Amino acid sequence: MKYLKRNFFLKSRFPLCLVIFLFFSCTVEEQEKTLHNEELIAVNFDLGGEFSIAKLPLKNSDTLNTDLFAIQFYDQTGSPYAFVVGDNISEVSVDLYESQSYKIKATYVKEGKSKLYYWEQFNEWGGPFATRSNSGTVLNKTYYSSSNEIFPARAQVEAKEDYHWGKYSEIERFYGTTNFAPSSEVSSAQINLFRMAFGLKANLTLEDKNANIENLLLSIANGQFPREYTIPVSEGVGQIHIPFLTLAMPECSGCAVALDFALEEDYSENISISIGTAENPIRFFDEELVVKRNKTMVLNDTLVEQETNTGGFGN
């Protein structure tokens, strides 16, 4: 039986650390103090780590900064408390009750404004920045609600290229969560964001240099919408590098807490990949591979035409 020779390995990237420092003021509305019998603290944020959107000029921010972030707050009962979608963290302020405990979930999408779908009829960006009620959001404005919320931990993103919630979007996305209890003694908190993507790099060599193949077709299974890449072939060799593909979280793809599972150490998932031509997409290979969060899978392979449709790897 003829086969495809395989030799692949995983190459690490550095995780992103997003540090959120919370600074407090003593501005309190008298009515809220009376109703809750405790002090409201105005919390301001500063982001640090590998990048910081807080350092960008406020003027012309739409052209200078295309990144988007979202932060969702849950109170100590687990109910939604507040949320914000923004592009300039220096404009964000959230009022939290002193001595209350909050769960904070945050996500960050590089170049989100140019890569995510914007729903004009709802006046809001698509997932993971869409609200439960599709009520619309103004960037950097904090909304307080126990019934409306956003879902930073959902795996799928509504990308412009496939806003039908396709998997494996070419988007660099980060996610993290932490618990925080504000008080007069506690004036800062830290949350680490982790890259919710993997990379794929392939160096493919045709065993038959006279196969007269100008392009290879690499397909990543994605339900009824496979993600396909055309790889030009020169002298029997084709190469491709896809830096970022979002995790699919196949066991919990649509649930609101999907990315919480991806925070586990050495998280991995299976993806289905086929390599062939436009006429025969599985001509050389059709198999499941394992990818890991924040790692690039590198395939250095010699392509041998399959005799059957079952595919396989060889040594």
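Scroll up a little and you will see the structure.
Note that the coordinates shown come from a computational prediction; the quantities given were computed from them, not determined experimentally.

Chemist: Give a description of the overall build of the protein that names residues and reports values.
Modeler: In terms of helices and strands, the protein carries four helices and 21 strands. Expressed as a percentage of its 315 residues, the buried residues of the protein come to 50%. Restricting to contacts in the protein with at least 6 residues of sequence separation, those with at least 24 account for 67%. Of the roughly 15200 Å² of accessible surface on the protein, 47% is carried by carbon and sulfur atoms.

Chemist: Could you give an account of the sheet that holds strand E12 (residues 173-180), naming the residues involved and the relevant values?
Modeler: Across the sheet, six strands lie side by side as E11-E6-E5-E8-E12-E13; this open sheet has antiparallel pairing. Taken across any chain shown, the strands that pair with only one partner, and hence form the sheet edges, are strand E11 (141-144) and strand E13 (194-195). Relative to E13, E12 runs antiparallel, the two sharing two bridges. By the bridge assignment, Tyr175 is partnered in E13 with Phe194.

Chemist: Now, about the pattern of salt bridges: what can you tell me, with residues and values included?
Modeler: All told, the structure shown has six salt bridges when counted by the stated rule. Of the charged contacts in the structure, one is a salt bridge between Lys113 and Asp87, with a shortest N-O distance of 2.6 Å. Taken together, the residues span a long stretch of sequence, with Lys113 in helix H3 (residues 112-115) and Asp87 in the loop between strand E6 (80-86) and strand E7 (93-97) at a distance of 26 residues. Two residues, Asp260 and Lys105, come together in a salt bridge whose shortest N-O distance is 2.8 Å. Linking Asp260 in helix H4 (residues 258-262) with Lys105 in strand E8 (residues 102-109), this pair joins segments that are 155 residues apart in sequence.

Chemist: Report on unusual backbone geometry, specifying residues and quantitative values.
Modeler: Backbone torsion omega between Gly127 and Pro128 reads 10°, so that peptide bond is classified as cis. Structurally, Pro128 can be placed in the loop between strand E10 (124-125) and E11. Positioned with a positive phi, Met249 is a non-glycine residue whose angle comes to about 50°. Topologically, Met249 is positioned in the loop between strand E17 (237-246) and H4. On the accessibility criterion, Met249 (3% relative accessible area) is buried.

Chemist: Tell me about the environment of Thr230, residues and numbers included.
Modeler: With respect to the secondary-structure elements, Thr230 resides in strand E16 (residues 227-234). Considered as a pair, Thr230 and Thr277 are 47 residues apart in the sequence and their alpha carbons are 8.7 Å apart. Apart from the residues within four sequence positions on either side, Thr230 is in contact with Asn215, Leu216 and Leu217.

Chemist: Please set out the nonpolar core residue by residue, giving values where relevant.
Modeler: Membership of the largest hydrophobic core comes to 38 residues, with the highest contact counts inside it found for Leu200, Leu216 and Ile273. Within the residue set of this core, elements represented by two or more residues are strand E14 (197-206), strand E15 (215-220), E16, E17, H4, strand E18 (268-276), strand E19 (285-292) and strand E20 (295-303). With five residues, E14 is the largest single contributor of residues to this core. Ignoring anything within four residues of it in the chain, the contact list for Leu200 reads Leu218, Ile220, Ile240, His241, Ile242, Leu245, Ile273, Thr296, Met297 and Leu299. Counting 20 residues, the second largest nonpolar core, distinct from the first, contains Phe69, Ile89, Val92 and Phe180.

Chemist: Can you lay out the packing of aromatic side chains for me, pointing to particular residues and giving the numbers?
Modeler: Remark: the centre distance and the inter-plane angle together describe each pair of aromatic rings, the angle taken between the planes. Applying the stated rule across the entire model yields eight aromatic pairs. Through a chain of ring-to-ring contacts, three or more aromatic side chains come together here, namely Tyr81, Tyr97, Tyr102 and Tyr144. When the ring centre of Phe151 is taken as origin, the NZ or CZ atom of Arg154, which lies over that ring, is 4.3 Å away.

Calculation criteria
- Residues numbered from 1 in each chain as written.
- Predicted model: local features only at pLDDT ≥ 70, side-chain atom pairs only at ≥ 80, totals over all residues.
- Heavy atoms only, no water.
- Helix = DSSP H or I, 4+ residues; strand = E, 2+ residues; numbered from the N terminus.
- Buried < 20%, exposed > 50% of the residue type's maximum accessible area, 1.4 Å probe, protein only.
- Contact = heavy atoms within 4.5 Å.
- Areas by Shrake-Rupley, 256 points an atom, 1.4 Å probe, with all protein chains shown as cover.
- Pairing = 2+ DSSP bridges.
- Salt bridge = Lys/Arg side-chain N within 4 Å of Asp/Glu carboxyl O.
- Core = buried A, V, L, I, M, F, W, Y, C linked by side-chain atoms within 4.5 Å.
- Phe/Tyr/Trp six-rings, centres within 6.5 Å; stacked < 30°, edge-to-face > 60°.
- Lys NZ or Arg CZ within 6 Å of the ring centre and 35° of its normal.

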